[in-house]
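# Structural description and commentary
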Amino acid sequence: MPVAQLLLLACLVWGLEARRAQLQKANDPSGRCQYTFSVASPSESSCPEQSQATSAIQDLQRDSSAQRADLESTKARLSSLEGVLHQLALGQAAGPSQTHEGLQRELGTLRREREQLETKTRELEVAYNNLLRDKSALEEEKRRLEEENADLAQRLESRSQEAARLRKGQCPQAHSSAQDVPPGSREVSKWNVETMNFQELKSELTEVPASRILKESPSGHPENEEGDPGCGELVWVGEPLTLRRAETIAGKYGVWMRDPEPAYPHTPETTWRIDTVGTDIRQVFEYDRVSQFLQGYPSKVHVLPRPLESTGAVVYRGSLYFQGAESRTLVRYELTTEAVKAEKELPGAGYHGQFPYSWGGYTDIDLAVDETGLWVIYSTQGAKGAIVLSRLNPESLALEQTWETNIRKQSVANAFLICGRLYTVSSYSSPDATVNFAYDTATGRSKALSVPFKNRYKYSSMVDYNPLEKKLFAWDNFNMVTYDIRLSKM
């Protein structure tokens, strides 16, 4: 039976034209009959050698390795998918309430981050606006200095030419004798009054501040209209007297002061100065004598334990009072012990650009001193930007009494107190500004004024009153100046 099947299979194969087959029959080594069936390869003309067969086997092994790697990768992906499905199953089991709480937490975090970004954006905008304003002021100052430089060069050249002419010639001799001079008269130089040199000399000789012409009291301070050196309403502010100029850009604006009630070892002559351009203001320069202050040689430099904000600091009874940077905190720093003696938050006060004076500079909180004590000038949200005035306890900084005015703080450039009256300055940059409002704490009433006030250097960043010297101290575009004042009789 097997032989018949093999013959039938051989016939079928023989009948295919595309194939050529051979059937052989022979005994094997054991003597048994063995049939051999051979078919020709459809693609190979000859059998491959052993080396080629080995190479084919290696290719098959590599293919097998690659397939195993793919299989392992697929298994890993399946394991990852199983883990994700497991997590999803756990999340569904936890219920929608926990998922909702998680989303709410994430939403709250995002909202906080957005508020922080908006706050930083507002701060950057304020800083950018301040920089633009400072840039404009610096450009104006540069133009003014260039004009002054050109004028000085012209005057120097004129004086040099005049000196050369005088060296070449001889001094004019008086031809008349003493007998020819009328009694009470005196000789004068033979100047040509039409020349520019004479006019320049005449201008220099007659340019005397009006405050110097005022009759002074025996104490050395100008008297008021009625000769009474006491309190009254401000009726006159003299021409600014420049004492010195700051050396660096940090002194573009600042604050300088003397203690009206000095404590040993300080004297009424001791002067303090703070340059307030920058972000970490801590240095306070102390000058024992006026000559040191005028020459710029400090006798001591205090380094505050925390930075201060803007130009609102004062010195009173041996302590420096200032506003802590980026806060509504008032600080009392004792100058002899160099230690902070009191700190107090000013309730509801705007700070760091909320209610500054019109020139900016974070002047939200401004401390002041007059004959009646220590004051703070500020505003609050409740006052809607109007000036709020509080008298402070010098030891504890507690509020003793508070007044709310109807003067909008951002509409005035500076403010100061004299004899319990608040006065405001209309402009920080106009050469012909005015003291435009007064508020009397005794009556609770305000009134409009029009007392001329000169901003000689066109950028007054600080105006304070010194009740001992009866003068206004100011910082005007790098320059430290004083103003004499006159008060009416009460």
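So, here's what we can say about the structure. (Residues numbered from 1 in each chain as written. Predicted model: local features only at pLDDT ≥ 70, side-chain atom pairs only at ≥ 80, totals over all residues. Heavy atoms only, no water.)

### Observations regarding the nonpolar core
W256, M257, I274, L304, A313, L320 and F322 are the most contacted members of the largest nonpolar core, which has 25 residues in total. Elements with a contribution of two residues or more to this core: β5 (254-258), β6 (271-275), β7 (281-287), β8 (300-308), β10 (319-323), β11 (329-334) and β22 (471-476). Ranked by the residues each element gives to this core, the list is headed by β7, at four residues. Counting residues in each nonpolar core, the second largest holds 22 residues, with C419, V435, Y465 and L472 among its members. (Core = buried A, V, L, I, M, F, W, Y, C linked by side-chain atoms within 4.5 Å. Buried < 20%, exposed > 50% of the residue type's maximum accessible area, 1.4 Å probe, protein only. Helix = DSSP H or I, 4+ residues; strand = E, 2+ residues; numbered from the N terminus.)

### A word on the sheet that holds β5
What the four strands build is an open sheet, ordered β5-β6-β7-β8; its pairing is antiparallel. Lying at the two open borders of the sheet, with one neighbouring strand each, are β5 and β8. When strand polarity is set aside, the average angle formed by the axes of neighbouring strands in this sheet is 20°. Alignment of β5 against β6, held across five bridges, turns out to be antiparallel. By the bridge assignment, G254 is partnered in β6 with D275. (Pairing = 2+ DSSP bridges. Axes fitted to C-alpha atoms, helices over the stretch in contact; angles between N-to-C directions.)

### What to know about the layout of surface pockets
Taken as a whole, the largest pocket spans an internal volume of roughly 650 Å³. Considering the residues around the largest pocket, the lining is formed by 27 residues, among which N130, Y253, G278, T279 and Y362 are closest to the centre. With nine residues, the top contributor of residues to the lining of the largest pocket is helix α3 (residues 96-168). Among the residues forming the lining of the largest pocket, the class breakdown is 13 nonpolar, seven polar and seven charged. A domain split of the lining of the largest pocket shows at least three residues from each of domain 1 (60-77 + 111-136) and domain 2 (231-487). (1 Å grid on protein atoms, 1.4 Å probe; cavity = no way out; pocket = protein on both sides within 12 Å on 5 of 7 lines; lining within 4 Å. Points joined across faces, edges and corners; volume = space filled by probe spheres on them. Nonpolar A, V, L, I, M, F, W, Y, C, P; charged D, E, K, R; others polar. Domains from an automatic or database assignment.)

### So, the packing of aromatic side chains
Counted according to the given criterion, the structure contains ten aromatic pairs. Look at Y253 and Y459: their rings are 6.4 Å apart centre to centre, the planes differ by 15°, and that puts the pair in the stacked class. Here the residue Y253 occupies a position in the loop between β4 (241-245) and β5, and Y459 occupies one in the loop between β20 (445-454) and β21 (460-466), the gap between them amounting to 206 residues. By relative accessible area, which is 11% here, Y253 ends up buried. Seen from their ring centres, Y287 and F293 are 5.4 Å apart, and the 70° between their planes marks the pair as edge-to-face. Judged on exposure class, the residue Y287 and its partner F293 are both buried. An aromatic cluster is built from Y253, W359, Y428 and Y459, whose rings are joined through pairwise contacts. Lying over the aromatic face of Y357, K409 brings its terminal NZ or CZ to 3.9 Å of the ring centre. The aromatic ring of W236 is capped on one face by R486, whose charged end is 5.0 Å from the ring centroid. (Phe/Tyr/Trp six-rings, centres within 6.5 Å; stacked < 30°, edge-to-face > 60°. Lys NZ or Arg CZ within 6 Å of the ring centre and 35° of its normal.)

### Considerations on the pattern of salt bridges
Under the criterion given, the structure shown has 19 salt bridges. Close ionic contact of E371 with K470 constitutes a salt bridge, the shortest N to O distance being 3.0 Å. Of this pair, E371 sits in the loop between β13 (366-370) and β14 (373-378) while K470 sits in the loop between β21 and β22, and the two are 99 residues apart along the sequence. A residue is classified by how much of its surface remains accessible, and K470, at 18% relative accessible area, is buried. (Salt bridge = Lys/Arg side-chain N within 4 Å of Asp/Glu carboxyl O.)

### As for the pairing of β10
Most of β10 sits out of view: five of its five residues are buried. A two-sided burial pattern is seen for β10, the buried positions comprising S319, Y321 and Q323 on one face and L320 and F322 on the other. One ladder, built from three bridges, connects strand β9 (residues 314-316) with β10; its direction is antiparallel. When the sheet's bridge partners are listed, V315 is paired in β10 with L320.

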